[in-house]
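Each chain, written out:
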Amino acid sequence: MMEEVIEKLKGKVEGFEILKDETLTTLCEFRGDEPYSLATKEEEGLGLRVIKDGKLGFASTTDGSRISELVASAIQTANYGEKVNFTFPKEVPPGKCRLVNEKVKKISSEQIFSLGREIIAETKTRFPQFKIDLNLHHTIFRRRLVNSSGFIGEYERVFYSLSFSGLIVADDGLIWIYDYKNLSSGEPFSLSEFVDQQVFLAQNSLKKGRLATKTYPVIFAPSYGLVQFFLPLLVGVNGKNFQKRITPLLGQEGKEIASPLLSVYDDGLLDYASGSAPFDGEGIAKRQTPLIEKGVFKNFLFDLKTAHHSGRQSTGNGERHYSSEPNPGLNNLFVAPGKDELSEALREVQEGLLVYEVVGGGQSNLRAGDFSFSVGLGFKIEDGEIKGRVKDCMLAGNFYEALRRISRVGKDLKDLGNFYLPFIKLEDMKVTTK
């Protein structure tokens, strides 16, 4: 199919890039403790970018019998496309990482379903009040990319994960507890440890804690609340915002913007991570790019186009689906582990807040780093111990100012998809309660 595209493009364009994606996904869903669906979906598609008369054109298709139409559409869109002055990259040594565990690749639908059943049964035995939704995703993804500069690359990635959502109906409202587990490496999954964590959070969420409105030490557990906290950084380092000159990180390269305890990387080569691959959606080798090192801001993230417009080099962050053009995007966000145990950080707090989940962060001005979170799941800390769930509680502030108040970084990382995070403790954060 790709050879046919190349043949039809001969003599018609200055440059081309052909991307082929194949995806085989099995999704097993449980709703309210019960099986809901188990389905396997196969998808295959082709994306074509061309450069004609110095302008960029793009088209895509899922129909391998309509190559002539694909080529004609890509060339036609180039007539109205953006003027570009870059060429598609020549072949470069790809980055190295492990993406396929053969045992995980061969897991059957029955095995996926059985694991879901076991998790729900064990969790309900330990905490019957839970109503559990559970998704298990198993994906075999293959990508092949060729271009007019001689680049030919392909890889396969197998990704297997579970997402847990436990609902508790309490006397003062509904409580949701979320968790996630990347199972792609094939390492043994400890069902008891996973259930221990859900039961620990559930039991503490039924206890009630109260905080007055004032400034407290706040600890973000390595959970989705901390993912939300870091979203302004992803906006700030995006090459498109650098190109438009609308990021507060302009002119900050080489300057201290955070506590020296904090180092953050975009890492496209973590083994079995969802955002890892040997090359990005444009054939540029993925790598580890420092964003913040010991508190000092280091880099923005670029794809080919934003790098060209900004006078920079691509950082291997051209993210895309076959049906879309590349944009600068995150591979995997990796916060370097510190030296601290969560139990030690809790012990030194006389009164404070431990946060697991937040909602509403996206409603603030993310470009400026502003955030305003409702705490979805958070606990009062008193004399070093968790004293119960805090309700009707908000956190508001500015992400970049908060980075300077980090006083502890955990030594253990949690894999949350393409976020790898330890706990983080912030001193003196404004907490508003009813």
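In this text the structure is predicted, and so the values were computed from the model without any measurement. (Residues numbered from 1 in each chain as written. Predicted model: local features only at pLDDT ≥ 70, side-chain atom pairs only at ≥ 80, totals over all residues. Heavy atoms only, no water.)

A.B. asks: Give me a nonpolar patch on the surface: which residues, what numbers.
C.D. replies: Together, Val169, Leu174, Trp176 and Tyr178 make up a nonpolar patch on the protein surface, roughly 410 Å² of accessible area in all. Take the nonpolar patch: its biggest share by element is 3 residues, from strand S6 (residues 173-182). On the secondary structure map, Val169 appears in strand S5 (residues 152-170). (Patch = residues over 30% accessible without salt bridge, like charges linked within 9 Å, V, L, I, M, F, W, Y side chains within 5 Å. Areas by Shrake-Rupley, 256 points an atom, 1.4 Å probe, with all protein chains shown as cover. Salt bridge = Lys/Arg side-chain N within 4 Å of Asp/Glu carboxyl O. Helix = DSSP H or I, 4+ residues; strand = E, 2+ residues; numbered from the N terminus.)

A.B. asks: Which residues make up the environment of Asp428, and what values do they have?
C.D. replies: Examined against the element boundaries, Asp428 turns out to sit in strand S22 (residues 424-433). Counting along the chain gives 302 residues from Asp428 to Arg126, while the straight-line C-alpha distance between them is 37 Å. Discounting chain neighbours no more than four positions away, the residues touching Asp428 are Thr215, Tyr216, Pro217 and Arg405. (Contact = heavy atoms within 4.5 Å.)

A.B. asks: Any details on the side chain of Asn331? Residues and values, ideally.
C.D. replies: As for its position among the elements, Asn331 is in the loop between strand S13 (327-328) and strand S14 (333-335). Judged by its relative accessible area of 1%, Asn331 falls in the buried class. Looking at Asn331, its side chain comes within polar contact range of the side chain of Lys286, at 2.8 Å. A polar atom in the side chain of Asn331 sits 3.4 Å from the backbone oxygen of Gly316. Those residues in contact with Asn331 that sit more than four places away from it in its chain are Asp266, Asp267, Gly268, Gly275, Lys286, Gly316, Asn317, Glu319 and Asn418. (Buried < 20%, exposed > 50% of the residue type's maximum accessible area, 1.4 Å probe, protein only. Polar contact = N/O pair within 3.5 Å; in protein donor to acceptor, adjacent residues only side chain to side chain.)

A.B. asks: Now, about the environment of Val146: what can you tell me, with residues and values included?
C.D. replies: Topologically, Val146 is positioned in strand S4 (residues 131-147). The spacing of Val146 and Lys20 is 126 residues in sequence and 9.0 Å in space, taken between C-alpha atoms. Every residue in contact with Val146, bar those within four places of it in the chain, is listed here: Met2, Ile6, Phe16, Glu17, Ile18, Phe151 and Ile152.

A.B. asks: Hey, could you go over the packing of aromatic side chains for me, with residue numbers and the actual values?
C.D. replies: Each aromatic ring pair is described using two quantities: the centre-to-centre distance and the angle formed by the ring planes. Tallying each qualifying case throughout the model produces 22 aromatic pairs. Plain terms: the ring middles of Phe86 and Phe88 are 6.1 Å apart, the flat faces sit at 80° to each other, and that makes the pair edge-to-face. In this pair, the class of Phe86 matches that of Phe88, namely buried. Ring plane angle 70° and centroid distance 5.9 Å describe the contact between Phe230 and Phe399, whose orientation is recorded as edge-to-face. (Phe/Tyr/Trp six-rings, centres within 6.5 Å; stacked < 30°, edge-to-face > 60°.)

A.B. asks: Which residues make up the sheet that holds S14, and what values go with them?
C.D. replies: Sheet architecture is open: 6 strands sit in the order S11-S10-S9-S14-S21-S20, paired in mixed fashion. Pairing within the sheet leaves two strands with one partner each, and these edge strands are strand S11 (296-297) and strand S20 (414-415). Contacts from helix H6 (residues 224-237) reach strand S9 (264-267), strand S10 (288-293), S11, S14 and strand S21 (419-421) within the one sheet, and its direction differs from that of S21 by about 120°. (Pairing = 2+ DSSP bridges. Axes fitted to C-alpha atoms, helices over the stretch in contact; angles between N-to-C directions.)

A.B. asks: Just give me the short version of the packing of helix H4 (residues 109-126) against helix H5 (residues 191-205), but keep the residues and values in it.
C.D. replies: The packing of two helices is summarised by the inter-axis angle and the distance between the axes. Interaxial distance between H4 and H5 falls to 10 Å at its minimum, and their mutual angle equals 45°. Looking at the two axes, H4 sits oblique to H5. Both H4 and H5 take part in a crossing whose hand is right-handed. Listed contacts from H5 to Glu118, Ile119, Glu122, Thr123 and Arg126 of H4 are Leu191, Phe194, Val195, Asp196 and Val199. Of the residues in the contact of H4 with H5, the class split is 5 nonpolar, 1 polar and 4 charged. (Parallel < 35°, antiparallel > 145°, perpendicular 65-115°, else oblique. Left-handed = near helix turned anticlockwise from the far one by under 90°. Nonpolar A, V, L, I, M, F, W, Y, C, P; charged D, E, K, R; others polar.)

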